[in-house]
Structures are given as structure tokens and as C-alpha cells.
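These are the residues of each chain, in order.
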Amino acid sequence: MAIRTEALTKKFGKITAVDSLNLEVEEGEIFGLLGPNGAGKTTLISMLCTIMKPTSGRAWVGGFDIVKEPSKVRKSIGIVFQQPSVDDLLTGRENLAMHNLLFGVPKAIRKQRIDEVLSLVNLEKRADDLVNTYSGGMRRRLELARGIMHHPKILFLDEPTLGLDPQTREHIWEYIQELAKKECMTVMLTTHYMEEAEQLCDRVAIIDYGKIVVLDSPQTLKSQIAGDIIKLKQKRPDVESIKKLDYVKKVEEKEGLLYITVRDASRHLQDLLTHTGTIDFVEVRSGTLNDVFLHFTGREIREAEAEGGFWERVMKK
């Protein structure tokens, strides 16, 4: 088991950011943490990385206890923070060289390791340029390279593509998948992008108010929770009759439209339309992980609570 927690808890005064959390992440797995602002994602990762001590409970990362063996945990992990953490006044290569020294990479293989990771993230041609000339996507790729250069068993990524344009995000996703495969690493990431979780993760956990509310593969969650969504417009819909159909999971009326969540729309659409009478408009789409997320956490946008600004506070110290 790469990561395991038992009743892991973190409190900030009266606020419980992580609440008796039990979790197991397999070796070689890409595992996603999803949740609203203030749900506890960053706090959880900061404890697993030994940056913050838990209030109670236990956790093991790479087989090492995060409280009793923090130095062993740190040697076995790589981290890419939410906030930029590479040195602007150094070149890309110099940043990696400094990281080599900090993690005690043997001198005989330092150059080889630097060349390997630069190639992996496609930064060989810009390796000797100052980082302050890099684009946001290039900096993110450099941080990924730095995070895996000492061959960690486990890589933590806290919002790895936050603020990047869609094209750059796609490239970063490709790098993460390639890194996990080539380096045989376990990856735990937090993200606000549902498509990122769908494309990258073997399993995802949705966290709200410090607790895991659901955990499974994106495909299973979509099929079991989200279903397919049929949007239609009808003058006088018989909502109660539609709700009684055994394949209908949910019916909502919004702005003159009817949103009907069903199991397997391709199989049941024709029958459903026989129960709706004359319609002016119909549209069918498959459920998404975003639908699952909204199902468990609601539609409101919450402000960050206990963990808000955590990395900003860390970086200022």
C-alpha cells in the first residue's frame, strides 16, 4: 500500500479541516482528490507530506509513519505545490542541480538525472535559460521534473494545472501519465478540473467538510450516480408520471426546461418520450464527473475556510 490513513484528523481551532479520514491508495495508482474550496484537500496532502502534523489519527506514506518517520517519508516523495516554487533567478538546469544536492542524489549520476527529466518534460532546449523567461506552462513542467528527479515512490500534485490554458493543461496531463508509467510512481493529485480527474485518475475521492463522501473510479461514479441526462421542453409536462418510471433517477424543472436523469438513455429514450407527449425540443448527453461532484457537494461555490491560503502562509515563512 502506497498511502494509508487511519482516522486522520486536523483541526484549526474550532474548525475541523480533515475529519477522521480513512483512505488507502495502491502502489502505481493515479489517485484524485476532488472537493470544494475548504473541503480539506490541501490540508490532507500537507499532512501526508509531513509539512503539517495531524491533530490525531495516523498515516503511512511509502510504508513510513508520517509523525514518527518524517525524514524517511520526505525522501520517498516528490511534491509539486499549488504556488510556483522554482527560483526565477536560476536557470532550469541550476534549479534541478540544487534539488539534486538537497535530496542527496549521488554525484556520479546527477547530470544523468537532470538530462533524463529535462528530456521527459521537453525542456532540453531551454534548460540553460533563466526561469524568469519561462512561460507558466514551462515552469509547471520544470516543477514536475524537479519533483521526480530523485525517483520518488510517490508524487503529490496540488492543483498541478491551476491557471494554465487548456492546451498547456492537456500537455501537462500527458506528462503526468508518462511520468507515472515510466517511473512506476504512485500519484496523488488535487484538482478543480473534472476533465482532468476523468482523464488522469484510476480512482477519485470526493471530499467535503473533511470527509470522503464517495470513492471509486470515474467511470463507475458516472454510471452509478450521474447516469445520462435528457433535456427537453414541453408545455405541460407530467413530472409526477415521469418520476415513477423505474429507469428515471431524478427530474428537475429549470427555466422552462425539464432535466431528466436516467439509466442508459440509448435504451430508454423512446419509451420516455411516449410518456412526455408533444415536445418542442430534446437533447441527450452522458453524465459527467461534474454531475457526480454537484450531486454530492451541491451547486453553491464555497469560500475556502480552514485551508484557505495555506500555501501562501507556508511560502512566506
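Residues numbered from 1 in each chain as written. Predicted model: local features only at pLDDT ≥ 70, side-chain atom pairs only at ≥ 80, totals over all residues. Heavy atoms only, no water.

1. Considering the packing of aromatic side chains
Given two aromatic rings, their pairing is described by the distance between the two centres and the angle made by the two planes. Using the criterion set out here, one finds zero aromatic pairs in the structure. For the cation-ring pair, Lys10 lies above Phe12, with the distance from its terminal atom to the ring centre recorded as 5.7 Å. Its guanidinium or amino end placed over the ring of Tyr193, Arg169 lies 4.0 Å from that ring's centre, counting from NZ or CZ. (Phe/Tyr/Trp six-rings, centres within 6.5 Å; stacked < 30°, edge-to-face > 60°. Lys NZ or Arg CZ within 6 Å of the ring centre and 35° of its normal.)

2. Comments concerning helix 8 (residues 218-226)
Of the residues making up helix 8, those classed as buried are Pro218, Leu221 and Ala226. The arc that holds the buried residues of helix 8, viewed along the axis, is 75 degrees, so those residues lie on one side. The first or second residue beyond helix 8 is Gly227, which carries a positive phi of 65 degrees. (Buried < 20%, exposed > 50% of the residue type's maximum accessible area, 1.4 Å probe, protein only. Helix = DSSP H or I, 4+ residues; strand = E, 2+ residues; numbered from the N terminus. Arc of directions from axis to C-beta.)

3. Points about the sheet that holds strand 4 (residues 56-61)
Across the sheet, four strands lie side by side as 2-1-4-5; this open sheet has antiparallel pairing. The outermost strands of the open sheet, each flanked by one partner alone, are strand 2 (15-25) and strand 5 (64-65). Bridge count for strand 1 (residues 3-12) against strand 2 is seven bridges, and the pairing is antiparallel. Bridge assignment links Leu8 to a residue of strand 2, and that residue is Leu21. Sitting on the sheet, helix 1 (residues 41-48) touches strand 1, strand 2 and strand 4, and the angle it makes with strand 1 is about 115 degrees. (Pairing = 2+ DSSP bridges. Contact = heavy atoms within 4.5 Å. Axes fitted to C-alpha atoms, helices over the stretch in contact; angles between N-to-C directions.)

Remember that the coordinates give geometry; whether it matters functionally is a separate question.
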